[in-house]
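Residue strings, one per chain:
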Amino acid sequence: MSALIAAPSHVPMPPPATTLRGAKPGLIHVLAIGGAHQLPHIVPVACELERRHPGTVKIFVPKAADARAVRDLAAGMGLPLPALVEMRLPPALGAIVPGFARKLARLLYWSPLLRDAELILCAERTSTILPRLWKQCPPLVHIPHGAGDRAVGFEKRFELFDHVIVAGAKDRDRLLEAGLVTPERCTAAGPIKLAAMLRTGIDRAPLFANGRKTILYNPHFTRKLNSFDAFARKLIEAVVKDGRYNLVVAPHVRMAARWSARQRREWEALAVPGQVIVDLGSPRCNDMTYTCGADLYLGDVSSQVYEFLIRPRACLFINAHGADWQDCEDYAMWHFGDVVTPDADPIAAIDQAFADHRAYVAWQKERMRYSIGGLDWKPDGTPFIAGEDPIRIAADIVSRTAGLQPAAA
């Protein structure tokens, strides 16, 4: 078990590199600063690199809860845990930085230490502030979290990465078409999170013990695109009244992150034991418990539909903002199932989505193979990844870019 390195609470500025004097410098710095939902996309690669090159990797996290999540992921995969660095801010600085700016503040305050590496690996794009502000910055490698279709997943900051590792040909093609990467700087390695989950097993205990079909409602956090305000309460009430389905309400974890305790309690109070789960951000929102355990995916623009469809199943999408989506790549996922507006009857729409599912299966499989490299299915429908392990492919790329000598596989 590696030690957690943290700047003591009394440490003032200047730079935190001076507070860690004597610590063995690492060659690869992994920035796990975007939230717990991003960790499964990047931590497996960090652990594989540590296995190959012991003592060369440090994972930087914003808080102790993220450090615990990293430890749990490493233990679940049976891989060694790199050194962990908790990116605390000095009390005086922390007291004046608003919550929305803390990620940036941590990056700036810790930048002298972060840049003291052969390579920086990250799952978010705020970290591109480092090469924008400092010419003396090591190569930056990016593993996007998820394989969604939203335009924000294909934006200008991709140009600042020395290499981008994506889940499949879909994302690589869009980045190339947009001129954001060159063929040499972008690799479709396959789904890192899925590869990690397959190592530990994706079979889950039933979410409910009653034998009814389960609906997963997974709205995105972006208010201008999601369906939560227009549809969530109506959906819960309809499912409870109808009585034929179970329901899991599990929004993107960022939705409720800044809600008040009162607002969280109000929504959690809508849960019904044995029929409705309301989960506003537990680990089960990120570890594929719900995407593996549900029978129908109901959402809007969240990339988690691509996790759900590792086993083709019924989908239903809510167009809550009048999007002209049919020929728009940003809404490609809406071709996986029926699309309705918020004024639709929830139960009638769910019934119809189940009835229509057969018409979408072939397209779901075709698009999933294009989006998730190596994904295939056994005759019984069990998903697997054909070919080389995505975690190892990504670790190879990072090792080469960092100038590390090849290690035994």
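The structure displayed is predicted, hence computed values, not measured ones. (Residues numbered from 1 in each chain as written. Predicted model: local features only at pLDDT ≥ 70, side-chain atom pairs only at ≥ 80, totals over all residues. Heavy atoms only, no water.)

**Some points on the pattern of salt bridges**
A side chain with one charge can pair with a side chain of the opposite charge if their charged atoms come near.
Moving on, step 1. The tally for this structure, following the rule as stated, stands at 18 salt bridges.
Moving on, step 2. Among the salt bridges present, the one from E155 reaches R157, with a minimum N-O distance of 2.8 Å.
Moving on, step 3. R157 gets classed as partly exposed once you look at its relative accessible area, which sits at 29%. (Salt bridge = Lys/Arg side-chain N within 4 Å of Asp/Glu carboxyl O. Buried < 20%, exposed > 50% of the residue type's maximum accessible area, 1.4 Å probe, protein only.)

**What to know about the side chain of D66**
Moving on, step 1. Following the sequence through the fold, D66 ends up in helix α2 (residues 64-77).
Moving on, step 2. At 4.7 Å, K63 is the nearest oppositely charged side chain to D66, a buried residue that forms no salt bridge.
Moving on, step 3. If sequence neighbours within four positions are ignored, D66 has contacts with G35, A36, L39 and V61. (Helix = DSSP H or I, 4+ residues; strand = E, 2+ residues; numbered from the N terminus. Lys, Arg positive; Asp, Glu negative; His and termini not counted. Contact = heavy atoms within 4.5 Å.)

**Details of the packing of helix α8 (residues 228-242) against helix α12 (residues 346-356)**
Moving on, step 1. Two elements in contact, α8 and α12, have axes separated by 9 Å at closest approach and are oriented at 75°. Considered as vectors, α8 and α12 are oriented roughly perpendicular to each other. Between α8 and α12, the contacting residues are F231, K234, L235, A238, V239 and D242 on the first element and P346, I347 and I350 on the second.
Moving on, step 2. Residues belonging to the contact of α8 with α12 are distributed by class as follows: seven nonpolar, no polar and two charged. (Axes fitted to C-alpha atoms, helices over the stretch in contact; angles between N-to-C directions. Parallel < 35°, antiparallel > 145°, perpendicular 65-115°, else oblique. Nonpolar A, V, L, I, M, F, W, Y, C, P; charged D, E, K, R; others polar.)

**Looking at the packing of helix α1 (residues 39-52) against helix α7 (residues 192-200)**
Moving on, step 1. For the pair α1 and α7, the least separation of the axes is 7 Å and the interaxial angle reads 70°. Classed by the angle they form, the pair α1 and α7 counts as roughly perpendicular. In contact with P40, H41, P44 and V45 of α1, α7 contributes I192, K193, A196 and M197.
Moving on, step 2. Here the contact of α1 with α7 is composed, by residue class, of six nonpolar, one polar and one charged.

**Brief notes about α1**
Moving on, step 1. The end-to-end C-alpha distance of α1, which contains 14 residues, comes to 20 Å, matching closely the 20 Å that a straight helix rising 1.5 Å per residue would cover.
Moving on, step 2. Across the 14 residues of α1, 13 count as buried, placing the element largely inside the fold. (Expected span 1.5 Å × (residues − 1).)

**Looking at the environment of L133**
Moving on, step 1. By secondary structure assignment, the location of L133 is in helix α5 (residues 129-133).
Moving on, step 2. It is 10.0 Å that separates the C-alpha atoms of L133 and S111, two residues lying 22 residues apart in sequence.

**What to know about the packing of aromatic side chains**
Moving on, step 1. For the structure shown, the criterion picks out twelve aromatic pairs.
Moving on, step 2. Aromatic side chains Y245 and F354 sit 5.8 Å apart centroid to centroid with 20° between the ring planes, which places their arrangement in the stacked category. You can see Y245 sitting in strand β10 (residues 245-249) and its partner F354 sitting in helix α12, a full 109 residues away along the chain. The same class applies to Y245 as to F354, namely buried.
Moving on, step 3. Here the aromatic rings of Y331 and W334 are separated by 4.7 Å at their centres, their planes lie at 55°, and the arrangement is tilted. Per residue, the accessibility class of Y331 equals that of W334, and both read buried.
Moving on, step 4. Each member of the aromatic cluster is reached from another via a ring pair, and the members are Y297, F308, F317, W325, Y331 and W334.
Moving on, step 5. Across from the ring centre of W377, 5.6 Å away, lies the NZ or CZ of K365, which sits over that ring. (Phe/Tyr/Trp six-rings, centres within 6.5 Å; stacked < 30°, edge-to-face > 60°. Lys NZ or Arg CZ within 6 Å of the ring centre and 35° of its normal.)

**Describing the confidence of the model for the protein chain**
Moving on, step 1. Per-residue confidence for the protein chain gives a mean pLDDT of 90; residues scoring 70 or more make up 92%.
Moving on, step 2. Below pLDDT 50 for its whole length, residues 1-15 participates in 38 contacts with residues either more than four positions away or in separate chains. (pLDDT = per-residue confidence, 0-100.)

**Things to note about the pairing of strand β2 (residues 28-31)**
Moving on, step 1. Alternating positions in β2 separate into two faces, I28 and V30 on one and H29 and L31 on the other, with burial throughout.
Moving on, step 2. Examined bridge by bridge, β2 and strand β3 (residues 57-61) share four bridges and lie parallel to one another. Among the inter-strand pairings, L31 is bridged to a residue of β3, identified as F60. (Pairing = 2+ DSSP bridges.)

**Remarks on the nonpolar core**
One broad trend across soluble globular proteins is that nonpolar side chains are buried collectively.
Moving on, step 1. Residues I28, V45, I59, L121, V305 and V398 are the most contacted members of the largest nonpolar core, which totals 74 residues.
Moving on, step 2. The element best represented in this core is α1, accounting for seven residues.
Moving on, step 3. Aside from chain neighbours lying at most four places away, what touches I28 is L49, T56, V57, K58, L119, V398, A402 and L404.
Moving on, step 4. In terms of nonpolar packing, the next biggest core, distinct from the first, is built from 31 residues, I215, L235, L247 and V249 among them. (Core = buried A, V, L, I, M, F, W, Y, C linked by side-chain atoms within 4.5 Å.)

**Considerations on helix α4 (residues 102-114)**
Moving on, step 1. Bending of α4 peaks at approximately 40° at the position of L108, with proline P112 no more than four residues after it.
Moving on, step 2. Of all the residues in α4, the buried ones are A105, R106, L107, Y109, W110, S111, L113 and L114.
Moving on, step 3. Looking at the buried positions of α4, the neighbouring elements they touch are β2, β3, β4 (83-86), α3 (91-94), β5 (119-122) and α5. (Bend = angle between axes of the 7 residues up to and from the residue.)

**A word on the pairing of β3**
Moving on, step 1. Extensive coverage of β3 is indicated by the burial of five of its five residues.
Moving on, step 2. Residues V57, I59 and V61 of β3 are buried on one face, and the alternating residues K58 and F60, pointing to the opposite face, are buried as well.
Moving on, step 3. Handedness of the β-α-β unit built from β2, α1 and β3 comes out right-handed.
Moving on, step 4. Where β3 meets β4, four bridges bridge the pair, whose relative direction is parallel. Following the sheet pairing, I59 is matched in β4 by L84. (Right-handed = clockwise from strand over helix to strand, strands pointing away.)

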